[in-house]
Amino acid sequence: MPPAQENEHSVGRLMLKFIIFNRLPERERYYFAVQNLPMRPVAQTLLFVLVISTRTLAHEGMWIPSILGAVEDEMKILGLKLSPEELYAVNQSSLKDAIVLFGGGCTAELVSDQGLLFTNHHCGLDFIQYHSSLANNYIRDGFWAMNRSEELPCPGLKATLIVRIDDVTAAMNMGANDNMTPEALKALRALNRKSIEDQYRKSSPGLATVVRAFNYGNQFMAIVTRTYEDLRLVGAPPAGIGKFGGDTDNWVWPRHTGDFSVFRIYAGAANDPAPFSENNVPFKPARFLTISLDGVEEGDFSMVYGFPGRTEHFLTSYAVDYVTNKSNPMKIDMRTASLDVLRQQMGASDKVRIQYTAKQSDIANAWKKWKGQQMGLNRFGALEQKQQREADLLRMAADSGDARATDALTRLQSLYRQMEPVNLQREAFVEYVFYGPELFAFAHEFDALVRYTDSLSKSGTLSETITNLTQKARTFYKDYDAPTDFHIFRALTPRYLRYVQPHCAQPVQLPAQSDYELSVFADSTRLMSLLGKWKASSAAKLRRDPVFAGSTTLYERYENALRPEFLARQAEVEGWMERFVALQAKYFPSDPYWCDANSTLRISFGKVEGSTPADGMVYTYYTTSDGILQKYDPTNPDFQLPARLVEMLEAGDFGIYGKDGALRVCYTGSNHTTGGNSGSPALNAEGQLCGINFDRSWESTMSDILYNPAICRNIMVDIRYVLWVIDKYAGAGWLLGEMKLSKNSNERSETN
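What counts, and at which threshold
- Residues numbered from 1 in each chain as written.
- Predicted model: local features only at pLDDT ≥ 70, side-chain atom pairs only at ≥ 80, totals over all residues.
- Heavy atoms only, no water.
- Helix = DSSP H or I, 4+ residues; strand = E, 2+ residues; numbered from the N terminus.
- Buried < 20%, exposed > 50% of the residue type's maximum accessible area, 1.4 Å probe, protein only.
- Axes fitted to C-alpha atoms, helices over the stretch in contact; angles between N-to-C directions.
- Contact = heavy atoms within 4.5 Å.
- Nonpolar A, V, L, I, M, F, W, Y, C, P; charged D, E, K, R; others polar.
- Disulfide = S-S within 2.5 Å.
- Polar contact = N/O pair within 3.5 Å; in protein donor to acceptor, adjacent residues only side chain to side chain.
- Salt bridge = Lys/Arg side-chain N within 4 Å of Asp/Glu carboxyl O.
- Pairing = 2+ DSSP bridges.

J.: So what exactly am I meant to see when it comes to the environment of P182 here?
T.: Its place among the elements puts P182 in helix 9 (residues 182-203). Note on P182: relative accessible area 29%, which makes it partly exposed. Between the C-alpha atom of P182 and that of K458, which follows or precedes it by 276 residues, the distance is 45 Å.

Printed below as a string of structure tokens:
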């Protein structure tokens, strides 16, 4: 190459190496610099001073796998040994073909050519609970199919695979111009979106296509998917493994939770999606993951591939103010009240514990996250940081004679002030109706039957409607305990009214405690009898029911007042946020410009590493089974263990899954993750499965809004612990026979 080109290339590579240097743990920087940066002895001394005086940086961002150009070189320098085409490809198999959107809210990974899936225990918990009873308590005791005929169907559970991701920004903006109002632009894009999606569906029958906005409309992607709907439960460890640590350890490091479960995708004879049938066969994936038995060491390249749910790192200071001072405190207060009731009721009854395990987990997970988020955002001055960034943006824009920043921030401030009371009431409705007393949402299922009984009868669909509602009622009552629900109603109703009543012109009419408890919806026998003998007067009877009347009040307020106003304001916010985000990209070009998570396929990458989250506190990067035994407490439900597990851990027979006489359980890394990444594969530089992502540290819960590279760490269960539980503890080694295991780069398909 000519000298000029060589120098230009070298400077670019050198700058990139300095970027990587700044993101490495302190203990690695000196050695990286000596090996990768040109210098003389004096420079080495100066560099050493720089190394020990700078802080550890990690790796922010969740990157769209079809467009990795901005970070490809950085990933390679950090250790990645795969090409972009091996991570994501359309015309050949790639790692993306092994990554599954599980149930709509989690991630799973294919680990065999027979459709076998790994995900988290908490992701599969609804279906573990679905199959549990007092006679077969799979939550407490675990479940393991010893052959395919014993695998349990999971009605309603779906697995979605990505076929392709295409940038359609130009097509979405076709016909747009700078003079269009936000409303006109939104209408134009709606038409363009329909046209694009229709074209994809015509060209790809049997596949689904949706166009998703990224960064508030600065970019659009068409996402083509194939969804399978016959999934079966293959295995789940007992709660003493899969939920070990409970709420106490949730969002906390050090961690010792074997948070995994095993499912299988079934397909029709042609490997296509098909409804459940005994004739279906295991799905044959285009790619499945090789599993590494070598484990990880500190400083290793680490990558998480999955479907992160939602981040909001572009939020304005006005939005952060609302989150920290209004939204989070309200939601934490309401969920604390629910959890206090559930803790008492579940502790007093095995039946209630089975019925409410998944519900309690859903409530507690976000509750503890919000508490940690509050702590982190306040500790690191998130509001002040946002305000300073906005001041910097305004200054730089003004220096350039650009008034757009002032326009955007002024309008956003006004909109957030207008939205605050509406949004607070909307969020209180969600907390009360969907995470509080259960009868209001259940009664709402009967709304169409009550309102339109005559019309349904005339159309000949009344019988079908009653049959469907009868089935929904059976499912509901299976996991419903009236006394528990009554206690939750008593605890949450005054809190809900306290948050919403100041913003209402008229009092919100809800049933009294005694009326709630006497509702027909609280009594399965009475409701089933009513449905079984349905007649014209039955609709009037339900209409007079206090719970149905209260449900009508709640839903009508939400549907007719809160939701329309919120959506109208939110549309305006997103229009102005599109401009605000574009301005940040222009005036802060050196910042990592990654798209907020929106439940689409992403890659995050970093290192296997611990952290120092506070003065005098050091988090090492892995835990072992010794910590399980140290935490074991038969008197504490969060730390109870199966007796057999205690015996096996004390015996120390870890076989090929151990290292230096220890069984590693969990480890941490600097991969940027969020909700939805639960169940995501944690991969090494060769793309092999080393762990399953399931959580973040307490100090990392703020990372959806403010990412602090020094302390934000994701938590993964070591895949060797997963395999040890399956093979040694559960005795389900037949499953390992269909996996591809690798040790010291030598592939093998069996264990000793």
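J.: Any chance you could explain the packing of helix 14 (residues 382-399) against helix 15 (residues 404-435) here in plain terms?
T.: A pair of packed helices is captured by two measures, namely the crossing angle of their axes and the spacing between those axes. Interaxial distance between helix 14 and helix 15 falls to 8 Å at its minimum, and their mutual angle equals 145 degrees. Contacts from E390, L393, L394 and A397 in helix 14 reach A405, T406 and L409 in helix 15. Of the residues contributing to the contact of helix 14 with helix 15, the split by class is 5 nonpolar, 1 polar and 1 charged.

J.: I'm lost on the state of the cysteines in this one. Help?
T.: Working definition: the covalent bond between the sulfur atoms of two cysteines is a disulfide. Inspection of every chain in the model, using the stated rule, returns 1 disulfide. Across the disulfide from C106 sits C123; the S-S distance is 2.1 Å. Between C106 and C123 the sulfur-sulfur dihedral comes to about -85 degrees; the bridge is accordingly left-handed. Residue C106 is found in strand 2 (residues 106-110), and its partner C123 is found in helix 6 (residues 121-130); the two are separated by 17 residues along the sequence. Note on accessibility: C106 and C123 belong to one class, buried. As a non-bridged cysteine, C595 has C712 as the owner of its nearest cysteine sulfur, 20 Å distant. On the basis of relative accessible area, C595 is assigned to the buried category, the value being 8%. With no disulfide of its own, C690 lies 14 Å from the sulfur of C666, the closest cysteine sulfur. Its relative accessible area of 1% is what places C690 among the buried residues.

J.: Could you clarify how one ought to interpret the side chain of N120 in this entry?
T.: Looking at where N120 falls in the secondary structure, it is placed in the loop between strand 3 (116-119) and helix 6. A polar contact is formed between the side chain of N120 and the backbone nitrogen of G679, at a distance of 2.7 Å. Apart from the residues lying within four places of it in its own chain, the contact partners of N120 are D259, F260, S261, S678, G679, I692, N693 and F694.

J.: Looking at this structure, how should I read the environment of T324?
T.: Mapped onto the secondary structure, T324 falls in helix 12 (residues 317-348). C-alpha of T324 to C-alpha of Q374: the two residues are 50 residues apart in sequence and 6.2 Å apart in space. Looking at T324, its side chain comes within polar contact range of the main-chain oxygen of V320, at 2.9 Å. Here the side chain of T324 touches D321 through a polar contact of 3.4 Å, landing on its backbone oxygen.

J.: When you look at the side chain of H313 in this model, what are you seeing that I'm missing?
T.: Tracing the backbone through its elements, the reader meets H313 in the loop between strand 13 (301-306) and helix 12. Apart from residues lying up to four places away in sequence, H313 is in contact with E60, K386, W594, D596, D704 and I705.

J.: Explain the pattern of salt bridges to me, please; I cannot follow it from the model alone.
T.: Opposite charge on two side chains makes pairing possible when the charged atoms of those side chains draw close. Throughout the structure, instances matching the rule amount to 40 salt bridges. The shortest N-O distance in the salt bridge between E438 and K359 comes to 2.8 Å. Of the two residues, E438 is situated in the loop between helix 15 and helix 16 (439-444) and K359 in helix 13 (residues 350-379); the sequence distance between them amounts to 79 residues. Linking R404 and D402 is a salt bridge whose minimum nitrogen-to-oxygen distance equals 2.8 Å.

J.: Would you mind going over the pairing of strand 9 (residues 230-236) with me for this structure?
T.: Remember that side chains alternate between the two faces of the sheet whenever the strand is regular. In terms of burial, strand 9 is a largely internal element, 7 of the 7 residues being buried. Pairing analysis gives 2 bridges linking strand 4 (residues 143-144) to strand 9, with the strands arranged antiparallel. Considered in strand 9, the bridge of W144 is made with G235. Bridge analysis of strand 5 (residues 152-153) against strand 9 gives 2 bridges, and the strand direction is antiparallel. Bridging from a neighbouring strand, P153 pairs with R232 of strand 9. Here strand 9 runs beside strand 10 (residues 261-267); their pairing, made up of 5 bridges, is antiparallel. Bridged to L231 within strand 10 is I265.

Any functional reading would require information beyond the geometric quantities listed.
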